[in-house]
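Breakdown of the fold
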Amino acid sequence: MFDFITEEHKMIQEAARDFAQKSIAPIAEHFDETGEFPIDTIRQMGGLGFMGIEVPEAYGGVGMDTLAYSLALTEICKADASHGTVMSVNNSLYCHGILKFGAEAQKQKYLVPVASGQKIGAYSLTEPMSGSDAGTMKSRAVLNEAGTHYVIDGIKSWVTSAPYADYIVVFTMTQPELKHKGVTAFLIETDHPGFERGKKEPKLGIRASATSEIIFDDYQCPVENRLGEEGEGFKIAMTVLDAGRIGIASQALGIAEASLEASIAYAKEREAFGQKIGQFQMIQQKLADMKCRVDASRLLIYQACLAKAASKKSGARYSLEASMAKLYASETANYCAKEAIQIHGGMGYSKELPIERYFRDAKITEIYEGTSEIQRMVIARSLTGLR
Ligand code: CAA
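Keep in mind it's a predicted model, so treat the numbers as computed, not measured.

Re the side chain of Thr-184
As for its position among the elements, Thr-184 is in strand 5 (residues 183-189). Among the polar contacts listed, one links the side chain of Thr-184 to the side chain of Thr-174, at a separation of 2.6 Å. In this structure the side chain of Thr-184 is engaged in a polar contact, spanning 3.0 Å, whose partner is the backbone nitrogen of Gly-231. Apart from residues no more than four positions distant in its own chain, Thr-184 is found in contact with Val-170, Phe-171, Thr-172, Thr-174, Arg-226, Glu-229, Glu-230, Gly-231 and Gly-233.

So, in structure tokens, the structure goes:
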């Protein structure tokens, strides 16, 4: 039916499904419970090419397109959204930005090892007092007198993978008086003096993905590690987030699909009042509504992938399509996970099944990489042209 889905797309989807079901699903409960970072399976995902799907082979990736990335990520997230979070930040927030905006030497040094899965990449925009209003950050980068280094100071927060990341794309102010036009992006090495990891966030869901503050205290960043030009940082951050939002939509779709599949199986097996619960109209209504929303999410994700592919030639932004996919899929994940608990009753509420984990993991998809409120703002602004 969808002739843009090729044999290659199906192959990577199948490979991701196989790995996710055999190697991730059995360990997901343990890592959710303990909050440990699943470094071994993350490294294995790197070995399979899942950490740099859209990066050309010359830069350590597998050279496929956004649809391939989305299909693979959805399969990983059906088994465990935490693994998917690490994969998504690595692929779309870290690799995509360097591929699009990095100089050749930056790509060789900072893209190749991360796209090939040997190192872990992260992205840092948010600060304690600057979340949705991303242009108001307080951290600073000041060029030294010799013009060789920027000195970075400040605290960034909610950095996915920060406790394990080798490199981080960091956005900070070089000219605060210019507001968003004064933001600049830098490539940071986490083993350099002046960089420290702060408190690790104790989270409701995606507990096996590690999230922490990062602290810069007199961090000396060589000029050659500036990503793009001075003042281009906000546009880089937003461009990269458009790509990232397709990833989060794909993650949400994985959680929604897992919730629906578990619910169908349970509705066919569990009996009440002398019949399968799937024979009750109230359960049927839930399953039907879940299925419609899952498929509608998938179609919006396909649309966003196609828009991103088209933008490679036209240069046109695909913010509208990415935000629609992220908004709808994340609300679908929450809807489906909630209904899945209801269908499973007490068993859905119990930690014996993964349903309650789907419910906890779903919530973040409505928050990170732009809340649902921000996605609605982007969509409406794109429709009206008004700010
Ligand atoms: N692509 C390219 N440029 C863009 C853009 C995009 N998607 N969106 C905005 N811009 C440009 C605008 O064209 C404008 O440029 P000019 O000044 O040249 O006209 C400039 O950026 C400023 O745009 P706005 O006036 O629209 O900016 P704003 O301050 O009103 O903010 C916003 C817009 C959409 C609300 C934006 O701030 C936003 O997306 N906020 C949410 C931030 C976010 O998603 N944070 C999550 C961070 S990552 C994370 O969650 C952690 C993790 O580790 C996963």
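Observations concerning the environment of Phe-31
Among the structural elements, Phe-31 can be located in helix 1 (residues 7-34). The sequence separation of Phe-31 and Arg-207 amounts to 176 residues, and the corresponding C-alpha distance is 7.4 Å. Residues contacting Phe-31, with those up to four places away along its chain left out, are Glu-36, Phe-37, Pro-38 and Ala-208.

Some points on the pairing of strand 5
Among the 7 residues that make up strand 5, 7 are buried, leaving the element largely enclosed by the rest of the structure. Alternating residues of strand 5 divide into Val-183, Ala-185, Leu-187 and Glu-189 and Thr-184, Phe-186 and Ile-188, and every residue in both groups is buried. With 7 bridges connecting them, strand 4 (residues 167-173) and strand 5 associate as antiparallel partners. Across the sheet, residue Val-169 finds its bridge partner in strand 5, namely Leu-187. Judged from the 2 bridges that link them, strand 5 and strand 8 (residues 226-227) form a sheet pairing that is antiparallel. Residue pairing across strands places Phe-186 opposite Arg-226, the latter belonging to strand 8.

Some details on the site of the ligand
Inspection of the region around the ligand gives 28 residues, with Ser-132, Lys-181, Lys-235, Asp-242 and Glu-369 positioned closest. Note that an oxygen atom of the ligand is positioned 2.9 Å from one of the side-chain N or O atoms of Arg-245. Protein burial of the ligand: of its 1100 Å² of free accessible surface, 83% is covered by the chains. Broken down by secondary-structure element, the contributors of at least two residues to the shell around the ligand are strand 3 (149-160), helix 6 (233-269) and helix 11 (372-384). Among the elements that take part in the shell around the ligand, helix 6 stands out by supplying 7 residues, more than any other.

Let's talk about the environment of Gly-348
Checked against the element boundaries, Gly-348 lands in helix 9 (residues 346-349). For Gly-348, a relative accessible area of 0% puts it in the buried group. Sequence spacing of Gly-348 and Tyr-59 is 289 residues, and the spatial spacing of their C-alpha atoms is 44 Å. Every residue in contact with Gly-348, bar those within four places of it in the chain, is listed here: Ile-341, Ile-355 and Glu-356.

Side note on helix 7 (residues 281-314)
In this model, helix 7 (34 residues) spans 48 Å end to end at C-alpha, consistent with the 50 Å of a helix rising 1.5 Å per residue. One or two residues past the end of helix 7 sits Gly-315, with phi positive at roughly 80°.

Focus on the domain arrangement of the protein
For the protein, the assigned domains read domain 1 (7-119), domain 2 (122-231) and domain 3 (235-384). For domain 1 versus domain 3, the distance between C-alpha centres works out to 20 Å. Taken together, the contact between domain 1 and domain 3 spans 27 residues of the former and 29 residues of the latter. Summed over the three residues of domain 1 that lose the most area to domain 3, namely Lys-78, Leu-93 and Phe-101, the buried surface amounts to 24% of that side. Where domain 1 packs against domain 3, one counts 5 salt bridges. The residue Lys-78 makes a salt bridge to Glu-257 at a minimum N-O spacing of 3.3 Å. Here domain 1 is connected to domain 3 by 12 residue pairs in polar contact (both at pLDDT 80 or more). Looking at the side of domain 1 that touches domain 3, the elements that each hand over two or more residues are helix 1, helix 3 (66-79) and helix 4 (81-101). Examining the composition of the side of domain 1 that touches domain 3, we find that 11 residues originate from one element, helix 4, more than from any other. Residue classes in the side of domain 1 that touches domain 3 are distributed as 11 nonpolar, 9 polar and 7 charged.

Some thoughts on the environment of Phe-37
With respect to the element layout, Phe-37 can be found in the loop between helix 1 and helix 2 (39-47). As for Phe-37 and Ser-82, which are separated by 45 residues in sequence, their C-alpha atoms are 9.0 Å apart. Not counting the four nearest positions on each side in its chain, Phe-37 is found in contact with Phe-31, Ile-42, Val-86, Ile-120, Tyr-164, Ala-208, Ser-209 and Ala-210.

Thoughts on unusual backbone geometry
A positive phi angle, close to 55°, is found at Trp-158, a residue other than glycine. The residue Trp-158 is located in strand 3 in this model. Trp-158 gets classed as partly exposed once you look at its relative accessible area, which sits at 47%. Of note, the phi angle at Asp-218 is positive, near 60°, even though the residue is not glycine. Tracing the sequence through the fold places Asp-218 in strand 7 (residues 211-222).

Conventions and cut-offs
Residues numbered from 1 in each chain as written. Predicted model: local features only at pLDDT ≥ 70, side-chain atom pairs only at ≥ 80, totals over all residues. Heavy atoms only, no water. Helix = DSSP H or I, 4+ residues; strand = E, 2+ residues; numbered from the N terminus. Polar contact = N/O pair within 3.5 Å; in protein donor to acceptor, adjacent residues only side chain to side chain. Contact = heavy atoms within 4.5 Å. Buried < 20%, exposed > 50% of the residue type's maximum accessible area, 1.4 Å probe, protein only. Pairing = 2+ DSSP bridges. Near = heavy atom within 4 Å. Areas by Shrake-Rupley, 256 points an atom, 1.4 Å probe, with all protein chains shown as cover. Expected span 1.5 Å × (residues − 1). Domains from an automatic or database assignment. Buried area = accessible area lost by both parts, 1.4 Å probe. Salt bridge = Lys/Arg side-chain N within 4 Å of Asp/Glu carboxyl O. Nonpolar A, V, L, I, M, F, W, Y, C, P; charged D, E, K, R; others polar.

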